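Breakdown of the fold
One-letter residues, chain by chain:
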Amino acid sequence: MQTLTFADCSFEKAGTNYMKKRNIAILGSTGSIGTQALEVIERHPENFEIEVLTAQNSADLLIEQALKYRPNTVVIVNEDHYQKVFDALDPQDIKVFAGENALASVVEMDSIDMVLTALVGYSGLLPTIRAINAGKTIALANKETLVVAGEMITKLAQEKGVNILPVDSEHSAIFQCIVGEFHNPIEKLTLTASGGPFRGKNRELLASVTKEQALKHPNWDMGAKITIDSATMMNKGLEVIEAKWLFGVSLDQIEVVVHPQSIIHSIVQFEDGSMKAQMGLPDMRVPIQFAMTYPGRLKADYPRFDFMNYPELTFEKPDVETFRNLGLAFEVAKEGGNQPCILNAANEIAVQGFLEDKVGFLEISDVIENCLKKVSYIRNPELEDFIQTDKETRAKALELIK
Ligand code: MG
C-alpha cells in the first residue's frame, strides 16, 4: 500500500478502496433515502451486496429495483401487491414475502451485515429492534424509532454491541465530528435547521398555506412526511430527541440554530470550547454513504461546495412561538416516558391529514397538543406500552381530524 506520511500518522493513497464488501438490507428501498442509497451502491458495486429490498406499497418500483440489483429477498409490506411481485420475481430466483411480520423477520437473515432503516415513521420500530437483536449494524434513517423508544433502543444496542450509525444529515455531521473523539466529552451540540419553506412567516400567513407550498423545501429533496415535518419544524424537534439518544447528551446540551443555506450540517462543541462543524452542499447521498462505509470514506463525484457561491452563511434563532411543534418536542423530551411516542403518533396522523386536506397547517400542532393531554402518561414504558400508546394516540388523533 502506498502511503503519505505525516508525523506518526499515515494516510492511504487517494482513491484506494480497502473496504470489505458489505451485505446490506434496505428497508424502504423505494422511498427517497432508499433510492439514494441504491445510487450510492451503484457507484461502488464492488463494496456492497444487496441482500434485501423492501417497500410498503410501491410494487412496480420494487420489482424494477429487484430486477436491476438482484437481491436475495424482497418484502412487499402491503399484502395486496404480493401476487404481482411474486409473479415478477419468483421466476428470477428472488424470494418474495409480504406483510409486517415478514418485514420484521427478514432483517434476521444470516447473510446480512447491515440494515439501512429507511422506513417512514413508527413502522421502523419493530424491524429495528429485531435487527439489533440479531446483531446487525444499523444505518438509521428512521429517526422516529429513536423518538418513540430511544432509551430502549440505545440500551439494547449497547447490550448487543451493535453500532447505530446515523443517516440523518445533522446526526451524520455530529458523528463525523466526533469520530476519533469518542473519549472527549461533548459540551454542546448545535443542530442546524434550514427553517423550511415558511421561515420568517407569521401565524396569520401560515393559517392558509397549502400542502403544495409546504412540500417545496428550499434545500433538501426528501419524502413527503419529512418535508411537511420540516415546514412545521417538527423535523428539528424529532432530531433533538434523536440526538439526545444517539449521542448520550442531556437536552440542555442541545441547541437549534436556523441556518437557511443548509451548508453547515451541525456542530459539536467540546469541553475546551473548540467547535467542529461538518459542511458541504445539502446532498443526502453523502450522509447515506458515510453510514454505509463507516469508518472509511469512498471516493464519490457528488457536486462540491464552492465558497464563492455562498459569500454569506447566516444564522438565526428558531421561532418556537410560530412553529409550536419545535417547542412541543422539547417539552415531551423533558417529560420522557411515552410522551414522545404520543407526539410522534399524533404528528404522523396530523401530517397525513394535512396531506389529505383535512387539517390546516397550524392545526397540526393542535392535534398533537390535544393528544398529549388526552392519552395517559406512562413513566417507564415497555415495548407493549409503546405499541398500545401508538395505537391509542392514532385513534384519538383520527377522531380529532374527522
Ligand atoms: Mg435531518
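It should be emphasised that the depicted structure is a prediction, and the values quoted were computed from it without experimental measurement. (Residues numbered from 1 in each chain as written. Predicted model: local features only at pLDDT ≥ 70, side-chain atom pairs only at ≥ 80, totals over all residues. Heavy atoms only, no water.)

**Focus: the sheet that holds strand β10 (residues 186–193)**
If you walk across this open sheet you meet the 4 strands as β11-β10-β12-β13, and the pairing is mixed. One side of each edge strand has no neighbouring strand; the edge strands of this open sheet are β11 (254–258) and β13 (275–279). Each strand of the sheet is rotated relative to its neighbour by a mean of 20 degrees, with strand direction disregarded. Relative to β11, β10 runs parallel, the two being bridged by 5 bridges. Bridge pairing links L189 to I254 in β11. Against the sheet, helix α7 (residues 169–178) touches β10, β12 (264–270) and β13, its axis set at about 40 degrees to β12. Most of the contacts of helix α11 (residues 234–247) go to β10, to which it runs at about 155 degrees, and overall it touches β10 and β11. (Pairing = 2+ DSSP bridges. Helix = DSSP H or I, 4+ residues; strand = E, 2+ residues; numbered from the N terminus. Axes fitted to C-alpha atoms, helices over the stretch in contact; angles between N-to-C directions. Contact = heavy atoms within 4.5 Å.)

**So, the domain arrangement of the chain**
By domain assignment, the chain separates into domain 1 (22–167), domain 2 (183–282 + 308–322) and domain 3 (336–402). Every contact between the two is made by 18 residues of domain 2 and, on the other side, 13 residues of domain 3. Across the domain 2 to domain 3 interface the summed buried area is about 1,300 Å²; carbon plus sulfur atoms make up 76%. A per-residue breakdown of the area domain 2 buries against domain 3 is headed by K211, K225 and M234, which together make up 37% of the total. Summed over the shared surface of domain 2 and domain 3, the result is 1 salt bridge. With a shortest N-O distance of 3.3 Å, D357 and K211 are connected by a salt bridge. Connecting domain 2 to domain 3 are 3 residue pairs in polar contact (both at pLDDT 80 or more). Contributions of two or more residues to the side of domain 2 that touches domain 3 are made by α8 (203–206), α9 (211–214), α10 (224–232) and α11. Per element, the largest residue contribution to the side of domain 2 that touches domain 3 is 6 residues, and it comes from α10. The class makeup of the residues in the side of domain 2 that touches domain 3 is 12 nonpolar, 2 polar and 4 charged. (Domains from an automatic or database assignment. Buried area = accessible area lost by both parts, 1.4 Å probe. Salt bridge = Lys/Arg side-chain N within 4 Å of Asp/Glu carboxyl O. Polar contact = N/O pair within 3.5 Å; in protein donor to acceptor, adjacent residues only side chain to side chain. Nonpolar A, V, L, I, M, F, W, Y, C, P; charged D, E, K, R; others polar.)

**Some details on the packing of aromatic side chains**
Scanning the model with the defined rule gives 9 aromatic pairs in all. With a centroid separation of 5.6 Å and 35 degrees between ring planes, the pair formed by Y82 and F86 is classed as tilted. Note that Y82 and F86 are positioned in helix α3 (residues 82–89) at a spacing of 4 residues, about one turn of the helix. Take Y82: its relative accessible area is 26%, and that puts it in the partly exposed class. (Phe/Tyr/Trp six-rings, centres within 6.5 Å; stacked < 30°, edge-to-face > 60°. Buried < 20%, exposed > 50% of the residue type's maximum accessible area, 1.4 Å probe, protein only.)

**Thoughts on the side chain of R285**
Relative to the helices and strands, R285 resides in helix α12 (residues 285–293). You can call R285 buried: its relative accessible area is 15%. Within the structure, R285 has its side chain in polar contact with the side chain of D283 (distance 2.8 Å). In this structure R285 touches Q36, E39, V40, R43, Y302 and P303, once residues within four positions along its chain are discounted.

**Side note on a nonpolar patch on the surface**
Together, M279, F307 and M308 give the surface a local cluster of nonpolar side chains, amounting to about 350 Å² of exposed area. The class for M279 is partly exposed, based on a relative accessible area of 36%. (Patch = residues over 30% accessible without salt bridge, like charges linked within 9 Å, V, L, I, M, F, W, Y side chains within 5 Å. Areas by Shrake-Rupley, 256 points an atom, 1.4 Å probe, with all protein chains shown as cover.)

**Quick word on the pairing of β13**
Alignment of β12 against β13, held across 5 bridges, turns out to be antiparallel. Residue pairing for β13: Q269 is matched across the bridge by M275. What sits between the antiparallel neighbours β12 and β13 is a turn of 4 residues, in which G273 has the positive phi angle 90 degrees.

**Focus on the pattern of salt bridges**
A side chain with one charge can pair with a side chain of the opposite charge if their charged atoms come near. Counting across every chain of the model gives 24 salt bridges. Of the charged contacts, one joins R130 and E108 as a salt bridge, the two residues approaching to 2.6 Å between their closest N and O atoms. With R130 in helix α5 (residues 125–133) and E108 in the loop between α4 (100–106) and β7 (114–117), the pair connects residues that are 22 residues apart, well separated along the chain. Overall, the relative accessible area of 32% leaves R130 in the partly exposed class. With relative accessibility at 33%, the residue E108 sits in the partly exposed group. E170 is the partner of K236 in a salt bridge, and the nearest nitrogen-oxygen pair spans 2.7 Å. Taken together, the positions of K236 in helix α11 and E170 in helix α7 put the pair 66 residues apart, joining distant regions of the chain. K236 gets classed as buried once you look at its relative accessible area, which sits at 5%. Classification of E170 by relative accessible area gives buried; the value is 6%.

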